[in-house]
2 protein chains.
Amino acid sequence: MTTSDWLQELQAERSRLGRASTAGRVADVLRTRITEGSLAPGTRLSEEDIGTALGVSRNTLREAFRLLGHERLLVHEFNRGVFVRRLTVADVRDLYELRRILECGAVRRAAERFSPGSSPVSDERWTGLLDPVRSAVEEGEAAAGEGRWVDVGTANMHFHQAVSALAGSPRVDEAMGHLLAELRLVFHVMAAPQAFHEAYLPGNRRILELLAAGDLAGAESAMAAYLDAAEAQLVAAYGEAA
Amino acid sequence: MTTSDWLQELQAERSRLGRASTAGRVADVLRTRITEGSLAPGTRLSEEDIGTALGVSRNTLREAFRLLGHERLLVHEFNRGVFVRRLTVADVRDLYELRRILECGAVRRAAERFSPGSSPVSDERWTGLLDPVRSAVEEGEAAAGEGRWVDVGTANMHFHQAVSALAGSPRVDEAMGHLLAELRLVFHVMAAPQAFHEAYLPGNRRILELLAAGDLAGAESAMAAYLDAAEAQLVAAYGEAA
DNA sequence: TATTGACGGATTGTTCAACAATCGGTCATC
DNA sequence: GATGACCGATTGTTGAACAATCCGTCAATA
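What this report covers is the structure whose coordinates are included nearby. All figures in this text were calculated on a predicted structure; none of them were measured in a lab. (Residues numbered from 1 in each chain as written. Chains lettered and ligands numbered in written order. Predicted model: local features only at pLDDT ≥ 70, side-chain atom pairs only at ≥ 80, totals over all residues. Heavy atoms only, no water.)

### Side note on the nonpolar core
- Core analysis: the biggest nonpolar cluster contains 131 residues, and L211 of chain A together with L211 of chain B have the highest contact counts within it.
- Top contributing element to this core by residue count: helix α5 (residues 89–114) of chain A, with twelve residues.
- In this structure L211 of chain B touches V107, W126, L130, V133, L166, L216 and A219 of chain B, once residues within four positions along its chain are discounted. (Core = buried A, V, L, I, M, F, W, Y, C linked by side-chain atoms within 4.5 Å. Buried < 20%, exposed > 50% of the residue type's maximum accessible area, 1.4 Å probe, protein only. Helix = DSSP H or I, 4+ residues; strand = E, 2+ residues; numbered from the N terminus. Contact = heavy atoms within 4.5 Å.)

Spelled out as structure tokens, the structure:
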């Protein structure tokens, strides 16, 4: 291991050090509360109450609110305060519109980059990119087998994050991360989220196999079909809840 | 004009009222400074100096900094301050990777929505969606004819924003808006930005004509070719500057 | 000479208290 | 029943203060 390897490893851990910001940690706490569903959509977050409860000043708390506002988990209404985002059916549709573009686009771009004519299965960069996808699929199947339903949902998120990472673009990764966080707000309206997520496990594996076999066009249309089905199911559930 | 029309028009102007926030206006001022290039990348923005110059408190200024940080125009280094973002060649490449996915994806999705088999030219929703694209093309040609080179660049932005709007997705629109704002940081390193932008006017018109004729697949590949060419040109210029 | 360690000014991170502006609801008025 | 005036509560913004951190300088040491 050379010196530059050491330095590179250290650089990778720098992000953990930078997390020292108080506002960032406050945002972390609130983010988990929101995505886990213990803060219902529409709830108003009082600056004073939360500030005293967490022991931070109003200014710092407002900074945390801004962070979550940019992730679309909170909405900020001028002179009225911040609220946990309440998604409409139109939001759900739009979220899936963006998913179609990002996820299918990621597969398509991977196809253009790795297999201009031939199959990418022999490219080791490709197989390396595929490892996280495979991990996510296995993670989901293992969780389902042991009845850890919450983890099935998490694994599903990891799967789609890994697929979008096929584009090899940090900005696509980040956009996908925000999108999935926003989607967690939607999943809580499902009456039976466990069944919802479990139903897509075979589809995920199939997409993985298509990717591994180098059939990127097939993977893209399988993903499109998955997104159409999931959107329809969510929109229907949303109509009932409203 | 019915009552609901009135209300709808008023609602469209609501965003202008919401801009009453001091931090938002400060962010506006700084944003124009940055995108117009009078604040060079890498410049450090002192809280005290700018705060006193603009007559706002440090807390409010920091809130404005956060806004611009989320738009990636500023980078915030802990305990060191905020700096005008300095983009690397890797950033430029990534920006174009995302553009490929968003812009080509928008055209592709428009194709899937409007012409499942047949041409969309008879659909009036389609022609309505195309109007902003046409306006942007004409705006650019007019500006070039009168030598208003800055406006040529602006028109080019409008063109690509309008194309991405073909997806009909607010979130795609917003992502594209942020992306283009970030790209303005890049254009300033070009020695002759006027020639750079002007060269793509015929290409823009050609894409418009393909779209208007209903040849969405042709438009998509023309857009991909445009993006490849622009990226190569920018990366080359970036290599020289560095 | 090159590296290390200590010092000090400058800047940012965070908190606090205060006041102005605005919102939401209540009540009286017409 | 609609309008307008009032009032408590909350947010928007400010200014000041102190702690923590960074950066450059300079002396000490090998």
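### Re unusual backbone geometry
- Located in the positive-phi region is N79 of chain A, a residue other than glycine, with phi close to 60 degrees.
- Mapped onto the elements, N79 of chain A comes out in the loop between β2 (74–77) and β3 (81–84).

### Here we look at the sheet that holds β3 of chain A
Residues and elements named next belong to chain A.
- Overall, antiparallel pairing links the three strands, which are arranged β1-β3-β2 in an open sheet. Each of the sheet's edge strands pairs with one partner strand only, and the pair in question is β1 (44–45) and β2.
- Taken together, the two bridges between β1 and β3 define a ladder with antiparallel strand orientation. Its bridge partner lying in β3, R44 is registered against F83.
- Together, β1, β2 and β3 form the strand contacts of helix α4 (residues 58–70), whose direction differs from that of β2 by roughly 115 degrees. (Pairing = 2+ DSSP bridges. Axes fitted to C-alpha atoms, helices over the stretch in contact; angles between N-to-C directions.)

### Thoughts on the interface of chain A and chain B
- With 31 residues of chain A at the interface, the matching set in chain B holds 32 residues.
- When chain A packs against chain B, close to 2900 Å² is buried across both sides, 51% of that on carbon and sulfur atoms.
- If you sort the residues of chain A by the area they bury against chain B, R66, I101 and R171 of chain A come out on top, with a joint share of 28%.
- Applying the counting rule to chain A against chain B returns 13 salt bridges.
- Here E182 of chain A and R171 of chain B are joined by a salt bridge, their closest N and O atoms 2.5 Å apart.
- Joining chain A to chain B, the criterion identifies 15 residue pairs in polar contact (both at pLDDT 80 or more).
- Of all elements in the fold, only α4, α5 and α8 (170–187) of chain A reach the threshold of two or more residues within the side of chain A that touches chain B.
- Ranked by residues supplied to the side of chain A that touches chain B, first place goes to α5 of chain A with twelve residues.
- When grouped by side-chain class, the residues that make up the side of chain A that touches chain B number twelve nonpolar, five polar and 14 charged. (Buried area = accessible area lost by both parts, 1.4 Å probe. Salt bridge = Lys/Arg side-chain N within 4 Å of Asp/Glu carboxyl O. Polar contact = N/O pair within 3.5 Å; in protein donor to acceptor, adjacent residues only side chain to side chain. Nonpolar A, V, L, I, M, F, W, Y, C, P; charged D, E, K, R; others polar.)

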